[in-house]
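# A structural walkthrough
The primary structure of each chain is shown beneath.
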Amino acid sequence: METLELEQLVKQLVIEKLADVKGKTMKSVDKNNSGRGVFSSVDEAVQQAKLAQVKYAAVSLATRKKVIAAIREQFLPQVKEIAEMAVKETGMGNITDKIAKNKLAIENTPGVEDLVTDVVTGDHGMTLCELSPFGVVGAIAPSTNPTETLICNAIGMLAAGNAVFFGPHPGAKHVSFWVIDQLNQAIEAAIGIENLVVTVAEPTIEAVQEMMAHQDIPLLVVTGGPGVVGQAMRSGKKVIGAGAGNPPALVDETANIEKAAADIVAGASFDHNILCIAEKSIVAVDSITDYLIFQMEKNSALMLDEVGVKKLERVVLSSSHATNKAFVGKSAAEILDAAGIEYGFTPRLIICETTKDHPFAVVELLMPVVPVIRVKDFDEGLAVALELEQGLHHTAVMHSQNISRLNLAARKMQTSIFVKNGPSFAGLGFGGEGSTTFTIATPTGEGITSAQNFARRRRCVLTDGFSIR
């Protein structure tokens, strides 16, 4: 065989081999990827996000604003589709309330405007304190509020100049992948940078652990149960941890009972009670308890008797008196049907009178089942509410017209969110003033989080100048 023919044959074999390798690689990508930003390994995802963040760190604040605007524009027309996908995959909550939650996250999460600069001037010059990116943020999202948490956190973290590695809950991975794909689509169309938001194709505990330990992730933001928050806090990195809550609603004899009843039913039944801020128990002063229950029934709450409570216990509690996860986020009707309890209307909320140590009161059920605990007066009620909140410092609600009592309860509770005379979701800016977040960092103390919490605070000092007073 001539030398030229041999060279051509070798070249052709090499080309065919490369084509075969490329074909196998693309098949692997097609198999493991579920859209933009989804990678087969944690390290690959983090490295791609790191490269993207280097480019993103060089853009102007005006460009970041453009990114946030593009995200809002991308998702707002799709809130119904997002809600439908989340309910279908997770089996939790309801479409109507998820539409409201996602719309709230899209429209009411602070962007670049949250990055406020502090300036101090004096005889010795000027000092600036500004907020700069961390780099690649590692963020974990729950299955209870998967899409709204991803959207809300993405807006805040990107506004701060970061890239994000999301660790979605395995029970919500498909809708989470879709959200991540849409985020990247909006960003790429707006500024041409790919992979600012990434994840791994198989979200597992091992993948989360690898992400937490990765050397290129300096900040962890965890929205989930106490187990994963505790694990993050043992990582040795800066952690923003949003843990569990067990919010009580305290109602005294001065309250507007009709409004209190309507607000409690609205808050406790919203998305079938899977929000961590939702009313999980009702502590009511004895003199108004019966009337409060009557008004709650007028607002589509179903009051159970002792027989009904026993039937319900067998369904919503495990043998160890923990939450039966099969009924988390299910509707009141589904739960009643499973318990064999009849009802003559479509209830929004199930209520029953219990003691303060009943499992319904002390366990975060995450379902529309809320106990009513009767107390003799406000002082006892506040003590019981504090006990039920369990020192989690998450959320509490109080209905009263007595300003002194409202102030005292707020000081004693020390919760990140304290709602006075309104439904619990007012604490998220839904029917109340203020910004929205779905990461309420109680264990680590940040409380309501936003872009400024996802940025590194830096001081720049200029001596002997720039003070004109």
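Refer to the structure printed above.
Described below are features of the structure shown in this document. (Residues numbered from 1 in each chain as written. Predicted model: local features only at pLDDT ≥ 70, side-chain atom pairs only at ≥ 80, totals over all residues. Heavy atoms only, no water.)

## Structural notes on the packing of aromatic side chains
- Under the counting rule described, the total for this entry stands at five aromatic pairs.
- Relative to Phe425, the ring of Phe270 has its centre 5.0 Å away and its plane inclined at 55°; by these criteria the two rings are tilted. With a gap of 155 residues between them, Phe270 in the loop between helix H10 (257-269) and strand E10 (281-285) and Phe425 in the loop between strand E15 (417-420) and strand E16 (440-441) connect regions that are remote in the sequence.
- Put simply, the rings of Phe270, Phe425 and Phe430 pair up and form one aromatic cluster. (Phe/Tyr/Trp six-rings, centres within 6.5 Å; stacked < 30°, edge-to-face > 60°. Helix = DSSP H or I, 4+ residues; strand = E, 2+ residues; numbered from the N terminus.)

## Some words on the sheet that holds strand E13 (residues 369-375)
- On the basis of which strands lie adjacent, the open sheet formed by seven strands has the order E11-E12-E13-E10-E9-E14-E15 and parallel pairing. The sheet is open, and its two borders are formed by strand E11 (301-304) and E15, each paired with just one other strand. Taking the axes of each pair of neighbouring strands and ignoring which way they run, one obtains an average angle of 20° across the sheet.
- Strand direction decides the pairing type here: E11 and strand E12 (residues 349-353), joined by four bridges, are parallel. Counted as the bridge partner of Leu302 is Ile350 from E12.
- Contacting E11, E12 and E13, helix H13 (residues 332-339) runs over the sheet at an angle of about 60° to E12. (Pairing = 2+ DSSP bridges. Axes fitted to C-alpha atoms, helices over the stretch in contact; angles between N-to-C directions. Contact = heavy atoms within 4.5 Å.)

## What to know about the packing of helix H3 (residues 61-75) against helix H7 (residues 173-191)
- Contact pair H3 / H7: the axes reach a minimum separation of 9 Å and the direction vectors enclose 135°. The orientation of H3 relative to H7 falls into the category oblique. Relative to H7, H3 is oriented so that their crossing is right-handed. Every residue of H7 that contacts H3 at Thr63, Lys66, Val67, Ala70, Ile71, Gln74 and Phe75 is listed here: Trp178, Val179, Gln182, Leu183, Gln185, Ala186, Ile187, Ala190 and Ile191.
- Residues that form the contact of H3 with H7 fall into these classes: eleven nonpolar, four polar and one charged. (Parallel < 35°, antiparallel > 145°, perpendicular 65-115°, else oblique. Left-handed = near helix turned anticlockwise from the far one by under 90°. Nonpolar A, V, L, I, M, F, W, Y, C, P; charged D, E, K, R; others polar.)

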